[in-house]
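Tertiary structure, described
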Amino acid sequence: MSAITHAPTPATVLGALRSPRLLTREVLAGVVTALALIPEAISFSVVAGVDPAVGLFSSVVIAVVIAIVGGRPAMVSAAAGSVALVIAPLVRDHGIAYLVPAVLLGGVVQIVLGLLGVARLMRFIPRSVNVAFVNALAILIFTAQLPNLFGHDVPFVVWPLTALGIAVIVGFPFLTKAVPAPLVAVVVITAITIVFGVAVPTVGDEGALPTALPGFNGVTVPVTFETLQIIAPYAVGMAVVGLIETLLTAQLVDAITETGSSKWRESWGQGVANIASAFFGGTGGCAMIGQTVINVKTAGARTRISTFVAGVSVLVLTIVLHDLVAQIPMAALTAVMVMVCVATFDWHSIRPNTLRRMPLGETVVMALTVVVVVVTDNLATGVLVGVVAAALVFARRAAHVVSVVREPVDERTVRYRVRGALFFASSNDLVTRFSYAEDPEHVVVDMTDAHVFDASTVAALDGVEQRYAQHGSTVRVENLNTGSVAIHGRLSGHLG
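Source: prediction; values computed, not measured.

The tendency in soluble globular proteins is for nonpolar side chains to be buried side by side. In this structure, Ile 38, Phe 133 and Val 203 are the most contacted members of the largest nonpolar core, which totals 88 residues. Excluding anything up to four places from it in sequence, Phe 133 contacts Glu 245, Leu 248, Thr 249, Ile 289, Leu 379 and Val 383. Formed by 23 residues, the second largest nonpolar core is a distinct cluster that contains Val 452, Ala 460, Val 464 and Leu 491.

Of note, Thr 283 is situated in the loop between α10 (263-279) and β2 (285-287). Apart from the residues within four sequence positions on either side, Thr 283 is in contact with Val 54, Gly 55, Ser 58, Ile 62, Ala 79, Ile 87, Leu 99, Val 103 and Ser 277.

So, about the packing of aromatic side chains. A complete count under the given rule lists nine aromatic pairs for this structure. Here Trp 264 and Trp 268 contribute two aromatic rings whose centre-to-centre distance is 5.9 Å and whose plane-to-plane angle is 75 degrees, an arrangement assigned as edge-to-face. Pair noted here: Trp 264 and Trp 268 are both in helix α10, with a separation of four residues, about one helical turn. Looking at Trp 264, the relative accessible area reads 45%, which means it is partly exposed. Aromatic side chains Tyr 436 and Tyr 468 sit 4.6 Å apart centroid to centroid with 55 degrees between the ring planes, which places their arrangement in the tilted category. Of this pair, Tyr 436 sits in the loop between α18 (424-427) and β5 (442-452) while Tyr 468 sits in helix α19 (residues 455-470), and the two are 32 residues apart along the sequence. Tyr 436 gets classed as buried once you look at its relative accessible area, which sits at 6%. Given the relative accessible area of 0%, Tyr 468 is considered buried. Members of the aromatic cluster, joined through ring pairs, are Tyr 416, Phe 434, Tyr 436 and Tyr 468. When the ring centre of Tyr 436 is taken as reference, the NZ or CZ atom of Arg 467 above it lies at 4.4 Å.

Criteria and thresholds
- Residues numbered from 1 in each chain as written.
- Predicted model: local features only at pLDDT ≥ 70, side-chain atom pairs only at ≥ 80, totals over all residues.
- Heavy atoms only, no water.
- Core = buried A, V, L, I, M, F, W, Y, C linked by side-chain atoms within 4.5 Å.
- Buried < 20%, exposed > 50% of the residue type's maximum accessible area, 1.4 Å probe, protein only.
- Contact = heavy atoms within 4.5 Å.
- Helix = DSSP H or I, 4+ residues; strand = E, 2+ residues; numbered from the N terminus.
- Phe/Tyr/Trp six-rings, centres within 6.5 Å; stacked < 30°, edge-to-face > 60°.
- Lys NZ or Arg CZ within 6 Å of the ring centre and 35° of its normal.

In structure tokens, the structure reads:
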């Protein structure tokens, strides 16, 4: 793999503007992404309990704003299903009027978390959880397409149309890559159904498309502490879930494009985008991994232009061309999303050779994360469970790499060399590693190759000294490194 480079700069956008070929690629990628955004935005609106127009305009505002203020070029953010699941109970139990203040507060929380550097916490999410996140999301995207294939009253002709769409997406790039294959598939299948009068479920069947721009919407509920108590849990949940999915998606795009990005900017940028969406009465959103993969991997986009065009295209398609968009068969979009699943899933991670080489603990963490995400239909819950499981696996593994070696020095002195990372899991049995009754009057505990991480280790060292004191021996702990000296000096003798 080539070296990771810095994130694309504004010069990259200017370069695309000066190159007709690159500009065409970015614009077409944005259009294709918009076509994939529309049905999902409508579906997520239904999940959240709001009109389809709310999800569509939210997607427009969030995509356009994040294209300007976001930290990951070419990543697509819009009204998302995970966020819809968080706020759905609020709308159901308290009414649509509480949606705007909840999204506003959620955006503020994201800005605060972003400025506090929450993105740095992403380094605590291990690779096994990242891979599981991607694989689970691919599974969720695929299962979301099943109603379009096996749903009630789905005609048989949907199957060959979907198969044709997949064939076009796979085969068209062998002819030319100038036009994104998913766009060709959508156009071909739509043309077939219109010309031959094939009756199949369409985008219009998912919900009524808007015909005009929304007006400015303010907060209509009382601005009181009681209102804050109602919306705060949902706002915080929306903010956290949105940031987790966004930052994990940003890492995925970094890997695909072999470039870096500003996670700090992306974090507070999501908050700005959600606040903007709320001012138009919209729902919350975050990065859309399926549409981002279409934009970056399938269509080859690399700049903010594609994200901006995606947002504008949703607006144009739903208002100016809403009659035509409504006739797009769901079979065409199902074909696109199925291929997104194939492209998103990390197939290397489940190869027998990979599984044989991977430590069992990491395999268990990966499988557990996928199962939790699929069962709960919540990526954030799965990631949280995966991180906790990975921490436990690491603690168990680290607990077995500590060694204590006894070295007699002379008749009156014995030295113990302690090696490894000492924390609660590895230091609990430290007291049992010494020969108290057999040792002479002077005992040296050499910590040159060890590091003290927590109070449990300090307490264990204090326990060693106390046990030796009962046998009339003195203990000298030496060669602690700087960090270990600080914590040992602060806590030693105060934990009994």
